[in-house]
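Given next are the chains, with one letter for each unit.
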Amino acid sequence: MEFGLATVDERADRTGRAATITAARELGVTAKQLNVVKRAFAAHGIVPGWEQALGVDSDKLFGKLNTAGTGIGAGGGWWAASKSNDDGSEPYSVHAGRTDGRGAPRLVSPNDGRYHVYPATDGKTVVWAAFGDTGIDILQRPIAGGPIKTVWSSFTGIQGPRVDGDLVVFTESAPFGSRHVGYVNTRTGKQAYVDGGRYHLSTAVGSVKGSTIAYGKLYPGEEEYELGVEVFDVPTGKTRLLPQSGRPQALGQTAVTKDSVLWLVDEVEDGGQLAVRRAGHDGTGLEDISPETGDGALFAYDLTASDEAVTVSAQVPDTTYRNETLSKLWQLTPDGSRVQWVSCNRGEQSYAAADSGRRVVRIDGTTGWTDLVTRERPAGDCG
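Scope of this entry: the structure provided in the associated data block. All figures in this text were calculated on a predicted structure; none of them were measured in a lab.

What follows is about the environment of Glu324. If you trace the backbone, Glu324 turns up in the loop between β23 (310-314) and β24 (328-332). Separated by 23 residues in the primary sequence, Glu324 and Gly347 have C-alpha atoms spaced 9.0 Å apart.

Written as structure tokens, this is what we have:
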């Protein structure tokens, strides 16, 4: 689970307060004696609602997720996230709700003992991966309700499901170590790998918008294997390898917007910074909207985008946990002309998912719990 502002001791104190007061009530202590216990905790700042004093600048959508490594999804005014019980021991279940906070979250996944993770949504449908004892299924369910359908089944590994309209995109691990981006058209039933599943190719970090799928690709070059970003047009089956400024050593997450493809790329031997790169769907207009070198270069590790904004997750390397070097979110305009903090919260900010406009949903650890939160627009300068 993500690291927040509250230390492990503080979190233990908070849960210890609740446990102590509950035990005292069960033992039949008087109201006066119970108040003595409460005052003892209060003297150390351990009181209900203590986190309100932190001055968080985000709106909580769903509290106490207590999950790890599952990601979240957002789109079309809705979010999707996995949740467990307070100690994280319960198999994860997928819930969905509105990104404006209206209405109550709803349970989407079945309570069948499997771990339901990697949720994604376009505002109409939720897709996710269900990990069981004998395999992994990609499941789909309309937000409005209805039956759960199995979109794809795997016996190796699934990462990064995405959905837009009739298309569900995901990355599947092959038995011998490579990975392949696959897609399913849930209307026609057509399913395939963008790279044909060929053994000498590997594709991953897929994204989808309309009928366009983008992904990173490892392929044989003239002398050795090379890395690139490719787009796949579903109706025609045609692919286009996008240009690069140099020779990529590593690639990060891709994103597709109405007129651009964006991705993270590492081309320079440095301290771990990555560039945020964009190009048109046809490969024109290649540029780095956040350069890999120079002042302001980001230690980026994830990316999500809407048509109006690009949000990057970045974390400065450090030997210990401190607010300045916890994972934080930066939001860029599509041309990179403006870069702002998404939130000034003191705590880890991770697993960002772009909704429409500049709204971003994320997991926030400021209070010591892992909460699903949102902001409609970036906070700006937190200095």
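Turning to the state of the cysteines, a few remarks are in order. In this structure the tally under the stated criterion is one disulfide. Through a disulfide, Cys344 is tied to Cys382; the S-S separation comes to 2.0 Å. Between Cys344 and Cys382, the S-S torsion sits near -85°, and that sign places the bridge as left-handed. Of this pair, Cys344 sits in the loop between β25 (339-341) and β26 (349-354) while Cys382 sits in the segment after β28 (371-375), and the two are 38 residues apart along the sequence. Under the relative-accessibility criterion, Cys344 is labelled partly exposed at 35%. Here Cys382 falls in the partly exposed class, since its relative accessible area comes to 29%.

A separate point is the packing of aromatic side chains. Overall, the coordinates contain seven aromatic pairs when judged by the stated rule. Summarising the aromatic geometry, the rings of Tyr183 and Phe232 are spaced 5.5 Å apart at their centres and angled 45° between planes, so their arrangement reads as tilted. Residue Tyr183 is located in strand β12 (residues 179-185), and its partner Phe232 is located in strand β16 (residues 225-233); the two are separated by 49 residues in the primary sequence. By the burial criterion, Tyr183 is buried, and Phe232 matches it.

Let's shift gears to the sheet that holds strand β6 (residues 115-121). Hydrogen bonds along the backbone pair up the strands of a sheet, which may run parallel or antiparallel. Taking strand neighbours across the sheet as the criterion, the four strands line up as β6-β7-β8-β9 in an open arrangement whose pairing is antiparallel. The strands lining the two open edges of the sheet, one partner per strand, are β6 and β9 (149-154). Looking at each pair of strands side by side, their axes are set apart by 20° on average, direction ignored. Two strands pair when backbone bridges link them, and strand β8 (residues 136-142) and β9 are joined in this way by five bridges, in the antiparallel orientation. When the bridges of β9 are listed, Asp137 appears paired with Ser153.

Here we take up the sheet that holds strand β4 (residues 93-98). Taken in spatial order, the four strands make up an open sheet running β2-β3-β4-β5, and their pairing is antiparallel. Each having just a single partner strand, β2 (72-75) and β5 (106-107) make up the two edges of the open sheet. The pairing of β2 with strand β3 (residues 78-83) spans four bridges and is classified as antiparallel. Bridge pairing in β3 links Gly73 to Ala80.

The next thing to look at is the pairing of strand β27 (residues 360-364). Of all five residues in β27, five are buried; the element is thus mostly enclosed. Burial along β27 is two-sided: Val360, Arg362 and Asp364 and Val361 and Ile363, pointing in opposite directions, are all buried. Strand direction decides the pairing type here: β26 and β27, joined by four bridges, are antiparallel. The partner of Ser350 across the bridge, within β27, is Ile363. Two successive antiparallel strands, β26 and β27, enclose a turn made up of five residues, where Gly357 displays a positive phi of approximately 65°. Sheet topology places β27 next to β28; five bridges connect them, and they run antiparallel. Its bridge partner lying in β28, Val360 is registered against Arg375.

Cut-offs used in this document
Counting starts from 1 at the beginning of each chain's written sequence and moves along it residue by residue. Confidence filtering applies because this is a predicted model: local features only for residues at pLDDT of at least 70, side-chain atom pairs given and counted only at 80 or more, and all residues used for totals across whole chains, interfaces and linings. Only hydrogens and water are removed before side-chain values are computed, so all heavy atoms of the structure are retained for them. To qualify as a helix, a DSSP run of H or I must reach at least 4 residues; to qualify as a strand, a run of E must reach at least 2; elements of each kind are numbered from the N terminus. Any cysteine sulfur atom paired with another within 2.5 Å is treated as part of a disulfide. Each residue is assigned to one of three classes by its accessible area relative to the maximum for its type, calculated with a 1.4 Å probe on protein chains only: buried under 20%, partly exposed between the two thresholds, exposed over 50%. Geometry of aromatic contacts follows a simple scheme: Phe, Tyr and Trp rings, the Trp one being its six-membered ring, pair when their centres are within 6.5 Å, and the pair is stacked under 30 degrees between planes, edge-to-face over 60, tilted otherwise. Following DSSP output, two strands are said to pair if at least two bridges run between them. Axis lines are fitted to C-alpha atoms, over the contacting stretch for helices. Their N-to-C directions set the angle, which ranges from 0 to 180 degrees.

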